[in-house]
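# Coordinate analysis (summary)
In case you want the letters, here they are:
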Amino acid sequence: MNLKTTFDGFTLKNPLMPASGPLVGDDEKLLFMQEAGCGAVVTKTISTKRPKIPKPCIYGSNQYVQNSELWSEYPLEKWETEFLASHQKVKDRPLIISVGYSKEDMETLIPRLDAFADAFEVSTHYVGTDLSIIGETVKTIRRLTKKPIYMKISPHIPDPEGFAKVIKEKGANGIVAINSLGPTIQINKERRAIEYGAQDGFAWTTGPVIKNLALAIVYKIKQAEPDLTVIGVGGVASAEDIIEFLLAGASAVQMLSTALIKGKQMYEKIIHDLEKALKHYGFESIEDVKATPLENKVSYEWELPKLKEDLCIECMLCEKVCPYFAIEFKDKITFNPDKCTSCGLCVSKCPTDAITMDKLGG
Ligand SMILES: Cc1cc2nc3c(=O)[nH]c(=O)nc-3n(C[C@H](O)[C@H](O)[C@H](O)COP(=O)(O)O)c2cc1C
């Protein structure tokens, strides 16, 4: 099975990369990602000023992570002379260097990091939502490097299509979508306190809870600007999730929070699972998924759900969750056509796939 993905002159041996964050914060960790089998490696965001990072700064639950980790605590000099110099000796796949934030920062960062980078990823997380400022930043970077430029979009940018248009016009190759969602808050009830977050008490949310938002932004960008490369990130937790991002329009994907929630072995596991997942969904390769168009089958026709009696375990979950009180047990699960609005919730909630609708694949 061919797991390779090709874009902007790169051929990655598989589409999974680490996302910028603590797990790529120095040369030891960049090497870990390479040895875990990632198709490309990305660094923690490097900037010109030292960040003031609150401690603690990473909270993990089962479905999300909240952080206020900002960018790398290590100065540019240390990255140049130690981490990147050392990584260069062992590096055997593309290295994307993450940089932030202003066009003035880029004047310093790009010339000093260019020799180490196969591409640049540019965080726009702390620069506001003014697209003309983001455009000027791209223009500055384009003047300073010939390497591919991927602008990272944050979910608080209100107009992803406008962002895509501007960065394309100014010479970027693509977009990494998305950065963390927020501002959000973590409240400790016992102590009546906010303990995680920046000075203002707010932190940024990531992990599986943001996956559908990330997918929507990837899809919007790719629909608006099909020539831009999109690298999807946000909530990836399995090989199946990678397939969803590729179908939405991504050429590769990144992951961080799942490794913070379940452990760093998840990179290797997901890459290992990818072949089986592709086969399961009837794809021949990663490029096959990328070339498959997503059909919009949204419909307004009413249809009564049907029960596959042999699969029903009579757990009654459908009856409990039905928002229209349309499901009853009369010897078997029955759907009341006078009450059912064809909302589809029972189909998606049934644990044994015993409830079907023709418009959802029968
Ligand atoms: C602890 C932590 C630190 C992060 N640091 C950075 C960073 O330095 N630069 C950046 O662009 N994104 C950073 N991110 C955002 C991630 O790169 C990624 O966009 C986001 O976590 C969504 O992916 P995920 O759901 O797989 O974690 C950070 C996220 C977390 C959780």
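Bear in mind the structure is a predicted one, so any value in this text is a computation, not a measurement.

Read across the sheet, eight strands follow the order β3-β16-β15-β10-β9-β8-β7-β4 without closing on themselves; strand pairing throughout is parallel. Only two strands of the sheet have a single partner each, and these edge strands are β3 (16-18) and β4 (41-42).

Here strand β18 (residues 327-330) pairs with strand β19 (residues 332-335) via four bridges, running antiparallel. When the sheet's bridge partners are listed, I327 is paired in β19 with F335. Here β18 folds back onto β19, and the loop between the two strands holds one residue, one of which, D331, carries a positive phi near 70°.

Below, the discussion takes up the nonpolar core. Most often, soluble globular proteins keep nonpolar side chains buried together rather than apart. Counting 85 residues, the largest nonpolar core has F120, M151, I175, A177, V218 and V253 as the members making the most contacts within it. Residue contacts for V218: discarding those within four places in its chain leaves A177, V230, G232, F245, A248, G249 and A250. Within the second largest apolar cluster, nine residues are counted, among which are C322, I333, C350 and I355.

As a further point, take the site of the ligand. Taken together, 26 residues sit near the ligand, with A19, G21, T206, L256 and S257 positioned nearest. By residue class, the composition of the shell around the ligand is 10 nonpolar, 13 polar and three charged.

The domain boundaries assigned to the chain delineate domain 1 (5-290) and domain 2 (306-360). Computed over C-alpha atoms, the centres of domain 1 and domain 2 are 40 Å apart.

Before going further, it helps to examine helix α9 (residues 266-280). Its 15 residues place the ends of α9 20 Å apart at the C-alpha level, agreeing with the 21 Å of an ideal helix rising 1.5 Å per residue. Turning to α9, its buried residues number three or more, namely M266, Y267, I270, I271, L274 and L278. Immediately downstream of α9, the backbone of G282 shows phi near 80°, a positive value.

Now for the packing of helix α4 (residues 131-144) against helix α5 (residues 160-169). Across the interface, α4 lies against α5 with an axial gap of 9 Å and an inter-helix angle of 30°. Relative to α5, α4 is oriented roughly parallel. At the point where α4 passes α5, the crossing takes the right-handed sense. Every residue of α5 that contacts α4 at L131, I134, G135 and V138 is listed here: G162, F163, V166 and I167. In terms of residue class, the contact of α4 with α5 is made up of six nonpolar, two polar and no charged.

Thresholds, definitions, all that
Each chain has its residues counted from 1, following the order in which its sequence is written. Per-residue local features of the predicted model are confined to residues with pLDDT of at least 70, and side-chain atom pairs are confined, for both listing and counting, to 80 or more; whole-chain, interface and lining totals are unaffected and use all residues. The rule for pairing is simple: two strands pair if DSSP sees at least two bridges between them. The helix and strand labels rest on DSSP assignments: H or I over at least four residues marks a helix, E over at least two residues marks a strand, and numbering proceeds from the N terminus. Here, a nonpolar core denotes buried Ala, Val, Leu, Ile, Met, Phe, Trp, Tyr and Cys residues that are linked to one another through C-beta atoms within 7 Å. Think of it as a crowd count around each C-beta: if 20 or more other C-beta atoms lie within 10 Å the residue is buried, if 12 or fewer it is exposed, and in between it is partly exposed, with C-beta placed from the backbone throughout. Any residue pair is listed as a contact if its two C-beta atoms, each placed from the backbone, are within 7 Å. Nearness is defined per residue: the C-beta atom, placed using the backbone, must lie within 6 Å of the molecule or strand. The residue classification treats Ala, Val, Leu, Ile, Met, Phe, Trp, Tyr, Cys and Pro as nonpolar and Asp, Glu, Lys and Arg as charged. All others, Gly included, are polar. In this entry, domain limits derive from an automatic or database-based domain assignment. Between the first and last residue of a helix there are one fewer steps than residues, each counted as 1.5 Å, and that sum is the expected span. The axes used here are C-alpha line fits, helices contributing only the stretch in contact, and every angle between their N-to-C directions lies in the interval 0 to 180 degrees. An angle below 35 degrees is read as roughly parallel, one above 145 as roughly antiparallel, one from 65 to 115 as roughly perpendicular, and any other as oblique. In this scheme the handedness of a crossing depends on how the near helix is turned from the far one: anticlockwise by less than a right angle means left-handed, clockwise means right-handed.

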